[in-house]
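Chain and residue survey
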Amino acid sequence: MADTCVQVLLGSGLTVLSHPLMYIKVLIQVGHEPLPPTLGRNLFGRQVYQLPGLFAYAQHIIRIDGKVGLFKGLGPRLCAGTIGTLVHGRVVQVSCARRCILGGEQKAADGSLQKVVNETTREMLARSCATIVTHPFHVITLRCMIQFIGRETKYSGVLDSIVTVYREEGVLGFFAGLIPRLLGDVFSLWICNLLAHFLNTYAIDESMSHTGEIRNCSQAVTGFFASMLTYPFVLVSNLMAVNNCGLAGGLPPYASVYPTWVDCWRHLSREGNMSRGNSLFFRKLPAGKLYAVEQKRFF
């Protein structure tokens, strides 16, 4: 119980610190560009037109809503983090207890592929359960954030937002964008763990010094690589969570209405926007698009 409380407190602290970054990323994901491109320099020192980065975007939000404005949607996100930690821990406990009662699986050798598969399967189950249970709060968080685009106040609190979603969309409204989010989580977990296993097994020599540090580094690198590969699922999930929800940021003419998440994926792929919002620095202009000052986005 004490460990769970520590995890909740640490998770809540990290959530508060990272919330402005997520807020800006979500606004970029839905295509909101309140500041026109400016002339800057890329990583190689060449002068190019760039879109505003993280700090310029944050300053724009502060000018309009103050520093508190950077924390829109924090309440439901904290709820999601707390409940998700509890559910994840509970599922892990039940899984371990069930394995002990049934006599346990055949013990796999440390570092073996079978052990990696077993551990990844258990973690996948725990994460998926936590994601499903907390997704309604995730949907509310995203909708609170994109209200910045149309200056709406439709989603003003956790309880009021729950009532609003249920009244307008029913139970299914709480799970908008769930499928691509689950797929992205599952793919990312398996890619990360399997790549790390093969790197640690075939690329790292046990005779090397600092083997433990190298293994930890390989886990971090594969995690970053997996998140890059599965980013389109995150983007599609977030767009579907706010699509056609009654807010300006999710309705025409500002945004297209997608019948399913597959349609959203295909549209983004055709437009070349599968990585939109993936980078918050050195953001290049989208090819073949014109900036519309009034709509504050590219068409």
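Residues numbered from 1 in each chain as written. Predicted model: local features only at pLDDT ≥ 70, side-chain atom pairs only at ≥ 80, totals over all residues. Heavy atoms only, no water.

**Structural notes on the overall build of the protein**
Broken down by element type, the protein carries nine helices and five strands. Its helices and strands taken in sequence order, the protein reads α-β-β-α-α-α-α-α-α-α-α-β-β-β from the N to the C terminus. Its C-alpha atoms give the protein a radius of gyration of 21 Å, near enough to 19 Å, the size a compact globule of 299 residues would have. Taken over the C-alpha atoms alone, the protein extends approximately 65 × 50 × 35 Å along its principal axes. (Helix = DSSP H or I, 4+ residues; strand = E, 2+ residues; numbered from the N terminus. Rg over C-alpha atoms; globule rule 2.2 N^0.38 Å.)

**A few points about empty space enclosed by the protein**
Per the stated rule, a full pass over the model turns up one cavity of 30 Å³ or more. Of the voids in this model, the largest cavity is the one considered here, and its volume is about 50 Å³. Forming the walls of the largest cavity are Met124, Arg127, Ser128, Leu182, Asp185, Val186 and Leu189. When residues of the lining of the largest cavity are traced back to their parent elements, those giving at least two are helix H4 (113-150) and helix H6 (178-203). (1 Å grid on protein atoms, 1.4 Å probe; cavity = no way out; pocket = protein on both sides within 12 Å on 5 of 7 lines; lining within 4 Å. Points joined across faces, edges and corners; volume = space filled by probe spheres on them.)

**Notes on a nonpolar patch on the surface**
Taken together, the side chains of Leu43, Phe44, Phe55, Phe281 and Phe282 make up a nonpolar region of the molecular surface, amounting to roughly 670 Å² of accessible area. With respect to the helices and strands, the residue leucine 43 is situated in the loop between strand E1 (38-41) and strand E2 (47-51). (Patch = residues over 30% accessible without salt bridge, like charges linked within 9 Å, V, L, I, M, F, W, Y side chains within 5 Å. Areas by Shrake-Rupley, 256 points an atom, 1.4 Å probe, with all protein chains shown as cover. Salt bridge = Lys/Arg side-chain N within 4 Å of Asp/Glu carboxyl O.)

**Quick look at the state of the cysteines**
Summed over the entire model, instances satisfying the criterion amount to zero disulfides. Take cysteine 129: it sits in no disulfide, and the sulfur closest to it among the cysteines is that of cysteine 96, at 14 Å. By relative accessible area, which is 27% here, cysteine 129 ends up partly exposed. Lacking any disulfide linkage, cysteine 144 is separated from the closest cysteine sulfur, that of cysteine 245, by 10 Å. (Disulfide = S-S within 2.5 Å. Buried < 20%, exposed > 50% of the residue type's maximum accessible area, 1.4 Å probe, protein only.)

**Quick word on the sheet that holds strand E3 (residues 283-284)**
With respect to topology, three strands assemble into an open sheet ordered E1-E2-E3, the strand pairing being antiparallel. Of all the strands in the sheet, just E1 and E3 have a single pairing partner and so form its edges. Two strands pair when backbone bridges link them, and E1 and E2 are joined in this way by four bridges, in the antiparallel orientation. Within the sheet, the bridge partner assigned to threonine 38 lies in E2 and is glutamine 50. (Pairing = 2+ DSSP bridges.)

**Considering the packing of aromatic side chains**
Evaluation of the coordinates by the stated rule reveals five aromatic pairs. Aromatic pair tyrosine 23 and phenylalanine 148: ring centres 6.4 Å apart, planes at 85°, arrangement edge-to-face. Taken together, the residues tyrosine 23 in helix H1 (residues 2-29) and phenylalanine 148 in helix H4 connect sequence positions 125 residues apart. Owing to a relative accessible area of 3%, phenylalanine 148 belongs among the buried residues under this scheme. Centroid distance phenylalanine 55 to phenylalanine 281: 5.9 Å. Interplanar angle 55°. Geometry classified as tilted. Here phenylalanine 55, found in helix H2 (residues 54-65), pairs with phenylalanine 281, found in the loop between helix H9 (261-271) and E3; they are 226 residues apart in sequence, far enough to count as distant. Given a relative accessible area of 41%, phenylalanine 281 falls into the partly exposed group. Joined through ring pairs, the aromatic side chains of Phe187, Phe233, Trp261 and Trp265 make up one cluster. (Phe/Tyr/Trp six-rings, centres within 6.5 Å; stacked < 30°, edge-to-face > 60°.)

**Remarks on the UniProt feature "repeat: Solcar" (unreviewed entry) in the protein**
The feature "repeat: Solcar" (unreviewed entry), as given by UniProt, occupies residues 114-202 in the numbering adopted here. Along residues 114-202 one finds 83% helix and 0% strand; the C-alpha atoms at either end are 16 Å apart. (UniProt positions renumbered as here; feature names shortened; annotations may be inferred.)

**Regarding the pattern of salt bridges**
Within this structure, the stated rule accounts for six salt bridges. For the salt bridge of lysine 72 with aspartate 65, the shortest nitrogen-to-oxygen distance reads 3.3 Å. For lysine 72, a relative accessible area of 24% corresponds to the partly exposed category. Residue classification places aspartate 65 among the partly exposed residues on the basis of a relative accessible area of 23%. Between aspartate 65 and arginine 151 there is a salt bridge; the shortest N-O distance is 2.5 Å.

**As for the layout of surface pockets**
By volume, the largest pocket amounts to about 1700 Å³. Listed by contribution, the elements that provide at least two residues to the lining of the largest pocket are H1, helix H3 (74-101), H4, H6, helix H7 (211-229) and helix H8 (231-242). Broken down by element, the residue count for the lining of the largest pocket peaks at 14 residues, all from H1. For the lining of the largest pocket, the per-class residue count stands at 16 nonpolar, 26 polar and seven charged. (Nonpolar A, V, L, I, M, F, W, Y, C, P; charged D, E, K, R; others polar.)

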